[in-house]
Structure formats: C-alpha cells, structure tokens
Amino acid sequence: MRVIVVGAGLAGLTCAKVLAERGAEVAVFEASDGVGGRVRTDEVDGFLLDRGFQVYFTAYPAARRHLDHAKLDLRAFDPGAVVCRGGRKSILSDPRRDLGSLAPSILSDAATAGDKLRTLKLAVSARQDESESAGERLDGDVTSLEYLRGLGFSERILDRFFRPFYGGIFLDRDLGTSSRVLRFTFKMLASGETVIPARGIGEIPKQLASHLPEEAIYLNSPVEELLQDGERVSGVRSSGTEHEADAVVVATDAPVARRLVGATVPEGSVGQTCLYYALSGLGAGKKILLNGEDGGFLNNVVEISNISEAYAPPGESLVSAVTLGIPDAPDEELFRRGVSDITRWYPDADLRPLAIYRIPFAQFSQPPGVHDELPENRTETQGLVLAGEYTEDSSINGAMLSGERAAAEVLR
Ligand SMILES: Cc1cc2nc3c(=O)[nH]c(=O)nc-3n(C[C@H](O)[C@H](O)[C@H](O)COP(=O)(O)OP(=O)(O)OC[C@H]3O[C@@H](n4cnc5c(N)ncnc54)[C@H](O)[C@@H]3O)c2cc1C
C-alpha cells in the first residue's frame with residue numbers, strides 16, 4: 001500500500017511512522033525546508049533557539065508511545081514557578097514534588113492557605129482522569145476561569161499564578177480556554193515532569209522522522225491540490241508533478257486543511273512573541289518566572305540554558321521571554337520593553353538582544369465546547385484521511401494522537 005502524507009509536523013510524522021512500521025510505503029510531502037512544523041529549533045551563533053517557547057510533558061500519553069525519552073536526553077524544569085511582582089519574587093510549587101520549595105510555597109503571598117489546599121486537591125483529582133487528550137473528557141465544559149472560581153480559588157491566586165502560568169501554556173491570560181484543557185494540563189503537570197530535549201524542542205520531530213527512510217520525506221514540496229479519480233482521492237500534485245497513492249493523509253495545519261479539502265476546522269488562533277536575550281547569567285534557577293503584575297509586557301521568562309546548558313555556548317546564558325499575542329511594534333521596542341520587565345526583577349541583568357520570533361498561529365483557540373465540534377480523522381471521501389492537532393486538541397500530544405489515529409484509519 002502506498003500512502004502520501006501531506007505535512008511533516010508532529011501529526012504527519014507520527015502517522016507516517018506508524019504506517020511505515022506496519023509495512024506501508026510512505027511518502028511525506030512537506031512545504032517548508034525541514035521537519036517539525038511548529039516544533040523546530042534554529043541554531044544561531046552557538047545558541048539553540050526554539051521557534052517559540054514550548055515545553056513537553058513526560059506524562060503525555062500518546063507521545064510516550066512514539067518517543068524514546070532516554071534518547072531525547074530530556075532536561076526537566078523545576079516544578080512550580082516564581083511569581084514576580086515589582087522587585088519581589090515568591091515561589092509557588094507543589095511541595096509533594098518539590099521538597100526544596102516547601103517552606104517558600106507555604107510562605108508565598110501569591111496564594112491563600114485555602115488556595116494551596118485546593119491546588120493539592122485539584123492535582124490529586126486530575127491525576128485520576130483517564131483521558132488520552134484534553135479534548136476527550138465529555139462532562140461539562142466551561143472556561144478555565146469559571147472552573148477555577150467554581151472550585152473556590154481566590155482572585156489573588158487567579159491573578160498572580162493561574163493567569164500567567166496557564167496563560168503561558170494556553171497563550172490566553174484571560175483563561176477563556178476550555179476547562180478540559182486546564183484539567184488535562186493539570187494532570188500532566190501532576191503526573192510527570194515538564195521538560196525540553198537537551199538539544200532543543202526540534203529534536204522531537206527529528207526523532208520521529210528518523211523512523212522513516214530519508215528518501216521518504218520530500219522537503220520544499222508544497223502540495224497544491226489533491227488528485228481525484230471519480231469520487232476517490234488518488235494522489236497529490238506537488239510542484240506541478242502528479243504523485244499517485246492508495247490513500248492520502250492531509251496532515252497540515254487547520255487553515256491549509258480547510259483550503260485543500262474543505263475540512264470544517266476550528267477558526268480562531270492564539271499566538272505568542274518570543275524574545276531571546278544572551279547574557280552572562282541571570283541566576284534564575286530552573287523554574288519559570290511569571291509576571292504577576294497586571295498590564296505587564298512579558299508573561300513568562302526562563303533562563304533556558306539553566307534547563308539545558310546546550311542552549312548557549314560556553315560561558316554564556318540564554319533567556320527566553322514570552323509576550324502573548326503579536327504586539328504591533330518594531331523589534332527594538334519589544335526588546336526594550338522586555339529588558340524593562342526583566343531588570344525590575346533582576347536589576348543587574350545585562351541583556352543582549354538576540355532574536356525575536358513572532359508566531360501568530362501557535363495553537364487553535366480552545367474555548368469551551370470546541371472539542372465537541374472537531375472533525376474526525378475519517379472523511380466522507382474514499383482515500384482521504386485527516387491528521388492534525390485540530391482533530392484532538394492543540395498540543396504536542398494532541399497532534400501525535402491524531403497522527404496515530406489517522407494511521408489506524410488508513411489501515412482500516
Ligand atoms: C509557539 C508555540 C508554543 C507552543 N507551546 C506548546 C507547549 O508548550 N506544549 C504543547 O504540547 N504544545 C505546544 N504548542 C502546540 C504544538 O506545537 C502544536 O499543537 C503541534 O505542533 C501541531 O502539530 P501539527 O502536526 O498538527 O501541525 P503543524 O506543526 O502546523 O504541521 C503542519 C505541517 O504541514 C506543512 N504544510 C502546510 N501546508 C502544506 C502543503 N500545502 N503541502 C505540504 N506541507 C504543508 C507545514 O509546513 C507543517 O510542517 C505550541 C505551538 C507553538 C507554535
């Protein structure tokens with residue numbers, strides 16, 4: 001059986017890996033110059049720059065089935081976060097997982113005593129969920145903000161911790177994202193580690209691609225249209241050449257899937273702007289720093305070379321700083337505003353601007369109810385299967401689960 005996969009993001013690569021393992025002849029057509037889609041790392045002057053700040057959770061159930069964690073040489077963040085307000089920093093953590101921060105967690109003024117108890121209770125109950133992805137829980141769905149307020153969390157911890165922390169993960173500081181995503185993320189945080197591969201997030205797709213023969217992946221090969229044989233999809237046209245197949249898996253991002261096959265996919269998107277600075281060292285440890293102030297510019301900051309030293313050349317450090325959305329300002333102004341926030345927390349920081357990544361479409365928007373409307377992998381058209389985060393949930397795990405399910409559909 002010959003299968004063409006359109007798109008070498010995590011969904012397409014996972015699909016191709018599973019099909020190749022089952023003996024199918026697979027060809028992957030990728031529009032860009034590398035594998036990974038939204039999950040790529042650039043090497044610039046000895047620094048590793050992920051295309052936007054992203055993390056991997058070792059508890060991701062679908063991803064675990066396809067990735068060799070040991071070979072990725074995963075490096076862990078310390079649990080919890082440091083909440084920065086003005087010149088003050090307070091540590092919030094789950095003391096059961098981070099004994100070192102037990103005292104600071106209890107002392108932190110970002111949360112009330114009741115909030116700390118509620119956080120522990122939520123972690124315990126979320127751990128018992130059996131869902132494979134954020135979209136799967138079929139009980140009621142409200143915004144994360146409504147959900148957390150319903151559990152009785154104080155406005156103080158909502159503003160100082162949940163908004164910047166989950167805002168950084170969902171790219172939505174308003175916490176309008178589905179409570180299913182919040183609960184699933186809570187489970188991931190409570191059940192495993194938050195990590196990055198030692199040599200950048202782009203190692204994840206590279207490992208998936210290593211399961212395929214090199215000649216099976218065609219880079220710089222955008223698919224312009226699908227070929228039809230009567231009612232059946234029979235191949236693709238790429239760079240003007242026709243390629244036949246028994247099945248075609250469209251594993252692009254949602255907007256391209258809409259254009260190529262008319263798929264009904266989610267409409268909205270959320271984005272981030274990621275600023276990189278080089279410096280001699282911030283001394284910020286291995287926790288994520290959160291901006292606990294209203295109206296701050298940066299949402300979250302991490303000295304990422306403390307997580308993996310390979311992110312910076314010897315003797316240097318790398319800071320990754322995120323502002324949500326795409327501010328309409330030139331690079332110099334964004335760098336200046338980033339420096340202004342970080343030096344409020346670390347007055348001696350000597351930050352050298354390195355690079356900016358503006359990523360308008362990082363994830364599709366996930367308001368309550370969106371997961372019930374997502375398309376299936378199976379389509380009405382013979383020979384055509386869909387893969388992509390937009391059939392599950394917007395995450396590394398969602399994309400890989402979708403790829404796995406698309407492969408099963410092709411084999412069926
Ligand atoms: C900045 C950022 C931060 C994120 N943070 C996290 C995080 O911390 N944790 C987490 O789990 N997830 C995170 N995500 C989400 C996660 O990265 C995505 O959900 C996932 O990578 C989507 O994979 P995909 O394969 O569905 O789509 P994509 O990665 O978009 O892959 C689609 C591929 O199709 C290709 N393509 C498009 N059109 C064509 C065509 N016509 N012909 C051929 N190829 C085509 C594209 O070039 C691309 O390679 C983040 C994403 C971003 C961008």
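Note: the structure precedes this text.
Structure report, in brief.

## Let's talk about the sheet that holds strand β10 (residues 217-218)
Strands sit in the order β10-β2-β1-β14-β20 across an open sheet of five strands; the sheet is parallel. Each edge of the open sheet is held by one strand with a lone partner, namely β10 and β20 (384-386). With five bridges joining them, strand β1 (residues 2-6) and strand β2 (residues 25-29) adopt parallel strand pairing. Residue Ile 4 lies in a different strand from β2, and its bridge partner there is Ala 27. In this fold helix α10 (residues 254-261) packs onto β1, β14 (247-250) and β20, with an angle of close to 140° to the strand it touches most, β14.

## Brief notes about the pattern of salt bridges
Opposite charge on two side chains makes pairing possible when the charged atoms of those side chains draw close. If you walk through the whole model with that rule in mind, you get 28 salt bridges. When the shortest N-O distance is used, the salt bridge between Arg 75 and Glu 309 registers 3.3 Å. Of this pair, Arg 75 sits in strand β6 (residues 74-76) while Glu 309 sits in the loop between α11 (304-307) and β18 (317-324); the two residues are 234 residues apart in sequence, bridging distant segments of the chain. In this structure Glu 309 comes out as exposed when scored by relative accessible area, which is 53%.

## A closer look at the site of the ligand
Lining the immediate environment of the ligand, one finds 34 residues, of which Glu 30, Arg 38, Tyr 60, Glu 389 and Ile 396 sit closest. Ala 31 places a polar main-chain atom, nitrogen or oxygen, 3.1 Å from a nitrogen atom of the ligand. Arg 38 is positioned such that a nitrogen or oxygen atom in its side chain is 2.9 Å from an oxygen atom of the ligand. The set of elements that each furnish at least two residues to the shell around the ligand consists of α1 (10-21), β19 (352-364) and α13 (396-411). When residues in the shell around the ligand are grouped by element, the largest group, three residues, is from β19. Among the residues forming the shell around the ligand, the class breakdown is 17 nonpolar, twelve polar and five charged. Built from parts of two domains, the shell around the ligand gets at least three residues from each of domain 1 (2-39 + 202-267 + 378-411) and domain 2 (56-198 + 269-364).

## Things to note about the nonpolar core
Counting 92 residues, the largest nonpolar core has Phe 53, Phe 161, Phe 162, Tyr 166 and Val 249 as the members making the most contacts within it. Counting the residues that make up this core, at least three belong to each of domain 1 (2-39 + 202-267 + 378-411) and domain 2 (56-198 + 269-364). Contacts of Val 249, omitting those with residues within four sequence positions, involve Val 3, Ile 4, Val 5, Val 6, Cys 15, Val 385, Ala 387, Ala 406 and Val 410.

## Topic: the pairing of strand β17 (residues 300-303)
Both faces of β17 are covered, namely the face carrying Asn 300 and Val 302 and the face carrying Val 301 and Glu 303. Judged from the two bridges that link them, strand β16 (residues 288-291) and β17 form a sheet pairing that is antiparallel. From the neighbouring strand, Leu 290 faces β17, where its bridge partner is Asn 300. Bridge count between β17 and β18: four bridges; the pairing is antiparallel.

## Here's the deal with the sheet that holds β6
Strand order in the open sheet formed by three strands is β5-β9-β6, with antiparallel pairing between adjacent strands. Here the strands that pair on one side only, and so sit at the sheet edges, are β5 (56-57) and β6. Sheet topology note: the β6/strand β9 (residues 194-197) ladder contains three bridges and is antiparallel. Bridging across to β9, Ala 76 finds its partner in Val 195.

Thresholds applied
- Residues numbered from 1 in each chain as written.
- Predicted model: local features only at pLDDT ≥ 70, side-chain atom pairs only at ≥ 80, totals over all residues.
- Heavy atoms only, no water.
- Pairing = 2+ DSSP bridges.
- Helix = DSSP H or I, 4+ residues; strand = E, 2+ residues; numbered from the N terminus.
- Contact = heavy atoms within 4.5 Å.
- Axes fitted to C-alpha atoms, helices over the stretch in contact; angles between N-to-C directions.
- Salt bridge = Lys/Arg side-chain N within 4 Å of Asp/Glu carboxyl O.
- Buried < 20%, exposed > 50% of the residue type's maximum accessible area, 1.4 Å probe, protein only.
- Near = heavy atom within 4 Å.
- Polar contact = N/O pair within 3.5 Å; in protein donor to acceptor, adjacent residues only side chain to side chain.
- Nonpolar A, V, L, I, M, F, W, Y, C, P; charged D, E, K, R; others polar.
- Domains from an automatic or database assignment.
- Core = buried A, V, L, I, M, F, W, Y, C linked by side-chain atoms within 4.5 Å.

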